[in-house]
Amino acid sequence: MGRMARRYPELVDGFGRTASDLRISITDRCNFRCRYCMPPEGMPWMPKDQLLSYEELTRLTSILVDSGVRSLKVTGGEPLVRHDVPTFVRLLRALRADLDISLTTNGYLLAQQAAELASAGLDRVTVSCDSLIKHRFAEMTLRDAFDEVMKGLHVAAEEGLGPVKLNTVVIEGVNDDEITAFAELARTTGFEVRFIEYMPLDAQQAWDRTKVIAGAAIIEAVAERYPLIADAHQAPEPATSFRFADGAPGRIGVIPSVTQPFCSTCDRLRLTADGQLRACLFSLEETDLRGPLRQGAADDDLAELARSCVAAKWAGHNIGSPSFRQPSRSMSMIGG
Ligand code: SAM
Ligand code: SF4
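Since the structure is predicted, the reported quantities are computational estimates derived from the model, not experimental observations.

Reading the values: rules and limits
Residues numbered from 1 in each chain as written. Chains lettered and ligands numbered in written order. Predicted model: local features only at pLDDT ≥ 70, side-chain atom pairs only at ≥ 80, totals over all residues. Heavy atoms only, no water. Helix = DSSP H or I, 4+ residues; strand = E, 2+ residues; numbered from the N terminus. Rg over C-alpha atoms; globule rule 2.2 N^0.38 Å. Contact = heavy atoms within 4.5 Å. Areas by Shrake-Rupley, 256 points an atom, 1.4 Å probe, with all protein chains shown as cover. Lys, Arg positive; Asp, Glu negative; His and termini not counted. Charge placed at Lys NZ, Arg CZ, Asp CG, Glu CD. Pairing = 2+ DSSP bridges. Expected span 1.5 Å × (residues − 1). Buried < 20%, exposed > 50% of the residue type's maximum accessible area, 1.4 Å probe, protein only. Disulfide = S-S within 2.5 Å. Polar contact = N/O pair within 3.5 Å; in protein donor to acceptor, adjacent residues only side chain to side chain. Near = heavy atom within 4 Å. Nonpolar A, V, L, I, M, F, W, Y, C, P; charged D, E, K, R; others polar.

## Comments concerning the overall build of the protein chain
Summing up its helical and strand segments, the protein chain has ten helices and twelve strands in all. On C-alpha atoms alone, the protein chain measures out to a radius of gyration of 19 Å, which is about the 20 Å that the 2.2 N^0.38 rule sets for 336 residues. Projected onto the principal axes, the alpha-carbon positions of the protein chain cover approximately 55 × 45 × 45 Å. Restricting the contact set of the protein chain to residue pairs at least 6 apart, pairs at least 24 apart contribute 74%. Approximately 14000 Å² of the protein chain is accessible, and the part contributed by carbon and sulfur atoms is 52%. Of note, the protein chain has its 38 positive side-chain charges centred 2 Å away from the centre of its 45 negative side-chain charges.

Written out as structure tokens, the structure is:
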């Protein structure tokens, strides 16, 4: 516990950005089938022997922490479908006491696991929820799971896994009529609702620019009903966040990845469940760490591989330009 200093140089790219926020995907599997993410029949899942064990993931994470990473987000697929996530959280927490460790989940299994996750050292959760209307929630996720997700949110807050954040992907003609209802949920619960622009990362490759509701329009829709005060912007955090002008609890955030990309200040790095490092969500290339790790590479060599992955990070994703190409792996395989 408690390394005092970095062993390796920071992970800096050619544009001067430093990677300090690592998203660790622990599985590509999921118990939901959100239409904007996965087809109803699921995906060809990664072969078991290609998935990194918790020990392997922890060793790679430890090297990245020794290279300056300070914030860890456990994700997937749906992370809570993997066996014994608290054990993994405990391994991560043992790396450094001051790491910020959070988990992004669809919330279905959260109520039963929240207490153990909190005692393992998890700081916070983000729960994805795209509708507050039970039957629409079922249509969007293809699972009749609204009540479990609501319970998960509240149990997580009670167990101290807050401030609880909600991720809400807004899609034109699907759930854009619920923006103020989500703002009301924030006000009555104290949760932070973060509206996410719909991105071209669905496995079906059916993304359509005309279905994207711009972050600015979302904030305008909330502010019309409940006036907002913007927080001082804290780069590199992409969620431009707001509080309610009347002092009500809760916050509103927006992640405008499509209409106002935050690439120029992006500090994120992603490790997939099969041990590939990605400098950008939209990268077309990955750096294989699993192969070298399993062939006995030394920590120094793995740190060097990570450094060259980050060094080659591109300036930005260029969604909307003719040169944009959707990556072959979709959101659930990369780790959102
Ligand atoms: N299963 C967990 C969950 O849903 O929170 C974690 C993984 S999921 C891939 C992470 C986040 O990506 C979720 O908030 C989800 O809504 C978001 N996401 C998935 N596909 C997306 C898309 N095409 N555009 C925008 N966000 C997307
Ligand atoms: Fe599963 Fe999350 Fe993708 Fe929904 S967004 S299908 S919950 S991985």
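## Points about the sheet that holds strand S11 (residues 276-278)
Spatial ordering of the open sheet is given by S7-S8-S9-S6-S5-S4-S3-S2-S1-S10-S11-S12, a layout of twelve strands whose pairing is mixed. Two strands bound the open sheet, and with one partner strand each, they are strand S7 (228-230) and strand S12 (287-288). One ladder, built from four bridges, connects strand S3 (residues 100-105) with strand S4 (residues 124-128); its direction is parallel. For Ser102, the partnering residue across the bridge sits in S4 and is Arg124.

## Quick word on helix H5 (residues 146-158)
Here H5 is 13 residues long and its end C-alpha atoms lie 19 Å apart, about the 18 Å a rise of 1.5 Å per residue gives. Within H5, burial applies to Phe146, Val149, Met150, Gly152, Leu153, Val155 and Ala156. Buried positions along H5 lie against helix H3 (110-120), S4, helix H4 (134-141) and strand S5 (165-170). One or two positions beyond H5, positive phi appears at Gly160, with a value near 85 degrees.

## A short note on the state of the cysteines
For the coordinates displayed, the defined rule picks out zero disulfides. Cysteine Cys309 is unpaired, with the sulfur of Cys280 as its nearest cysteine sulfur at 10 Å.

## Things to note about the side chain of Thr141
Mapping Thr141 onto the fold places it in helix H4. Given a relative accessible area of 3%, Thr141 falls into the buried group. A distance of 2.8 Å separates the side chain of Thr141 from the backbone oxygen of Phe137, its partner in a polar contact. Within the local environment of Thr141, its side chain forms a polar contact with the backbone oxygen of Arg143, the two atoms lying 3.0 Å apart. With residues up to four places along the chain from it excluded, the contact list for Thr141 reads Phe32, Arg33 and Cys34.

## What to know about the environment of Gln205
With respect to the secondary-structure elements, Gln205 resides in the loop between strand S6 (192-197) and helix H7 (215-225). Residue Gln205 is classed as partly exposed on the basis of its relative accessible area of 48%. Along the primary structure Gln205 and Gly16 are separated by 189 residues, whereas in three dimensions their C-alpha atoms are 32 Å apart.

## Some details on the environment of Ala214
Here Ala214 lies in the loop between S6 and H7. For Ala214, a relative accessible area of 26% corresponds to the partly exposed category. Each C-alpha atom of the pair Ala214 and Phe146 lies 26 Å from the other, and the pair is 68 residues apart in sequence.

## Section: the site of ligand 1
Lining the immediate environment of ligand 1, one finds 17 residues, of which Tyr36, Gly77, Ser128, Asn167 and Met199 sit closest. The separation between an oxygen atom of ligand 1 and a polar side-chain atom of Asn167 is 3.2 Å. Calculation on ligand 1 without its partners gives an accessible area of 540 Å², and the protein chains cover 95% of this total. Where the shell around ligand 1 is concerned, the elements lending two or more residues are S3 and S5. A class-by-class count of the residues in the shell around ligand 1 yields six nonpolar, nine polar and two charged.

None of this, on its own, says anything about what the molecule does.
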